[in-house]
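So you can see what is in the structure, the chains are spelled out below.
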Amino acid sequence: MKNFHGWLVSNAFVHSEKFEEIFTWLETSAAAHGVRLERKTNAELLPRLAGGCFAEEWPDFALFWDKDTKLCRLLEAQGIRTFNAARAIELCDDKALTWLALLRSGLRQPRTILVPKVFHETDWAACGFAKAAAAQLKLPLVVKECFGSFGAQVYLVHTVPELIETLNSLGTRPALLQEFIATSKGHDIRIQVVGGRVVTAMYRYAVDDDFRANVTNGAKMRAYTPNAAQERMALEACRRLGLDFAGVDILFGENEAPILCEVNSNAHFINIFHCTGVNTADAIFAYICRELAEGRNRPGDAPRGEWEL
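Everything in this summary refers to the structure shown in the same document. Only a predicted model underlies this, so the values are computations on that prediction, with no experimental measurement involved. (Residues numbered from 1 in each chain as written. Predicted model: local features only at pLDDT ≥ 70, side-chain atom pairs only at ≥ 80, totals over all residues. Heavy atoms only, no water.)

A complete count under the given rule lists 13 aromatic pairs for this structure. With a centroid separation of 6.2 Å and an interplanar angle of 55°, the aromatic rings of tryptophan 25 and phenylalanine 269 are classed as tilted. Pair noted here: tryptophan 25 is in helix H1 (residues 17-32) and phenylalanine 269 is in the loop between strand E13 (258-264) and helix H9 (270-276), with a separation of 244 residues, a long-range link. Judged by its relative accessible area of 0%, phenylalanine 269 is buried. Its guanidinium or amino end placed over the ring of tyrosine 203, arginine 222 lies 4.4 Å from that ring's centre, counting from NZ or CZ. (Phe/Tyr/Trp six-rings, centres within 6.5 Å; stacked < 30°, edge-to-face > 60°. Helix = DSSP H or I, 4+ residues; strand = E, 2+ residues; numbered from the N terminus. Buried < 20%, exposed > 50% of the residue type's maximum accessible area, 1.4 Å probe, protein only. Lys NZ or Arg CZ within 6 Å of the ring centre and 35° of its normal.)

Now for the pairing of E13. Extensive coverage of E13 is indicated by the burial of five of its seven residues. As judged from the six bridges shared by strand E12 (residues 245-252) and E13, these two strands associate in the antiparallel manner. Residue pairing in the sheet places aspartate 249 in a bridge with glutamate 262 of E13. Between E12 and E13, which pair antiparallel one after the other, the connecting turn spans five residues, and asparagine 255 there sits at a positive phi close to 55°. (Pairing = 2+ DSSP bridges.)

By the secondary structure assignment, threonine 112 is in strand E5 (residues 112-114). Here the side chain of threonine 112 touches glutamine 178 through a polar contact of 3.1 Å, side chain to side chain. (Polar contact = N/O pair within 3.5 Å; in protein donor to acceptor, adjacent residues only side chain to side chain.)

For glutamate 291, the position within the fold is in helix H10 (residues 280-293). Assessed through its relative accessible area of 7%, glutamate 291 is described here as buried. A polar contact of 3.3 Å, which involves the side chain of glutamate 291, links it to the side chain of arginine 81.

The next thing to look at is the sheet that holds strand E2 (residues 36-41). What the four strands build is an open sheet, ordered E2-E1-E3-E4; its pairing is parallel. Among the strands making up the open sheet, the edge pair consists of E2 and strand E4 (81-83). Put simply, the sheet's adjacent strands are angled 25° from each other on average, direction ignored. Here strand E1 (residues 5-10) pairs with strand E3 (residues 61-64) via four bridges, running parallel. Bridge assignment links glycine 6 to a residue of E3, and that residue is phenylalanine 61. Docked against the sheet, H1 engages E1, E2 and E3, running at close to 150° with respect to E2. (Axes fitted to C-alpha atoms, helices over the stretch in contact; angles between N-to-C directions. Contact = heavy atoms within 4.5 Å.)

On to the pattern of salt bridges. Opposite charge on two side chains permits them to pair, given that their charged atoms come into close proximity. If you walk through the whole model with that rule in mind, you get 19 salt bridges. For glutamate 20, the salt bridge is made with arginine 39, and the minimal N-O distance between the two is 2.9 Å. One end of the pair, glutamate 20, is in helix H1; the other, arginine 39, is in strand E2, with 19 residues separating them in the sequence. The class of glutamate 20 is partly exposed, set by a relative accessible area of 38%. Using a relative accessible area of 33% as the deciding quantity, one classes arginine 39 as partly exposed. A salt bridge links glutamate 38 to lysine 40; its shortest N-O distance comes to 3.9 Å. What makes glutamate 38 partly exposed here is its relative accessible area of 25%. Residue lysine 40 is classed as buried on the basis of its relative accessible area, which comes to 7%. Each of Arg36, Glu38, Lys40, Glu44 and Arg48 takes part in one network of salt bridges that share partners. (Salt bridge = Lys/Arg side-chain N within 4 Å of Asp/Glu carboxyl O.)

In C-alpha cells, the structure reads:
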C-alpha cells in the first residue's frame, strides 16, 4: 500500500494545550498508519498557494482541522481531497445552517426561530420579536449564538426581559432561539462517527444545575452504547451534511426519543478516549487511507448528502 502524504491544516492564531494535544494525537495515529503528516497553518498556506510554490509537492490529502473554509475551498480547487470538505465544515460551524440543512431530513430537532439579521447594535425591546418568539417556543428557551464551541455562547433564559437583555448583549452576532428540552436538562450523548459508522459514544451529565452537559464546563462522562434510533440519527445527520467524520450531540426527548442538538465537524476526541478507550484519531486515519487507496482522492469524491440550500 502506498504511504500517503497529508497536510494537517490548523489556524495560526489559535493556540492552546487542548489543540496541541489533539494535533499530537493525530500525528501519532498518522505515523502508525504509514502516513507522512505535515502541519500547515492558514497563515502559511494562503500566500504560498497564491504564488504556486507547492506545485511540485502537493499532498495526497488535507486533514482540515480549522474553520477557515475559504482556504479549504482553495485546496479543493487545486484538486486536493479534504477531510472534512469545506461545505460540510461550513454547515456545522454555523448552527443556523445546520438546522436549515436538516430541516427537511425527518430528523427531529428542537423547534427553532432564527434571530433576525441586524447591522448595528439594536434595542430589542423596541420591536415585538422577543415577545412573539417566547410565545411560540414557550419559556424558558435557549439562545444560541450561531458560532461557538464547548457549550459557550449558549444561554438559558426564563423571561422576556431576560431574553431582550441577552439579545441586546449579542450586538450584531448571529443567533437562533430554540425550545428548551427539559427532559434532557444537564445530560446528553456524544456519538463519534467516522466514515459512515459509529466508532464510540459517551453519556455526559452535569453535576451541578447547569442545563448544558459539556465536559469542558465541568460535566462528567461515562461510556455509552447508543440505541438503534440514536445511531440512525447520528449517521443520517452526517450523511446529509456530507461529513467524513464528526461528533454528534443528541438530546433525550419524551420517552428518551432522540432529538438532534448539534453536529461538530472537528469534534475534540481526547475526553471520549479517556471515557471509552477508543481512539478516534486511529479511526480517522484508517478511513482516510481506505478512501485514498480506493481512489476516492478528489474533492468531488467527498461524501455528499442533501445539504444544498
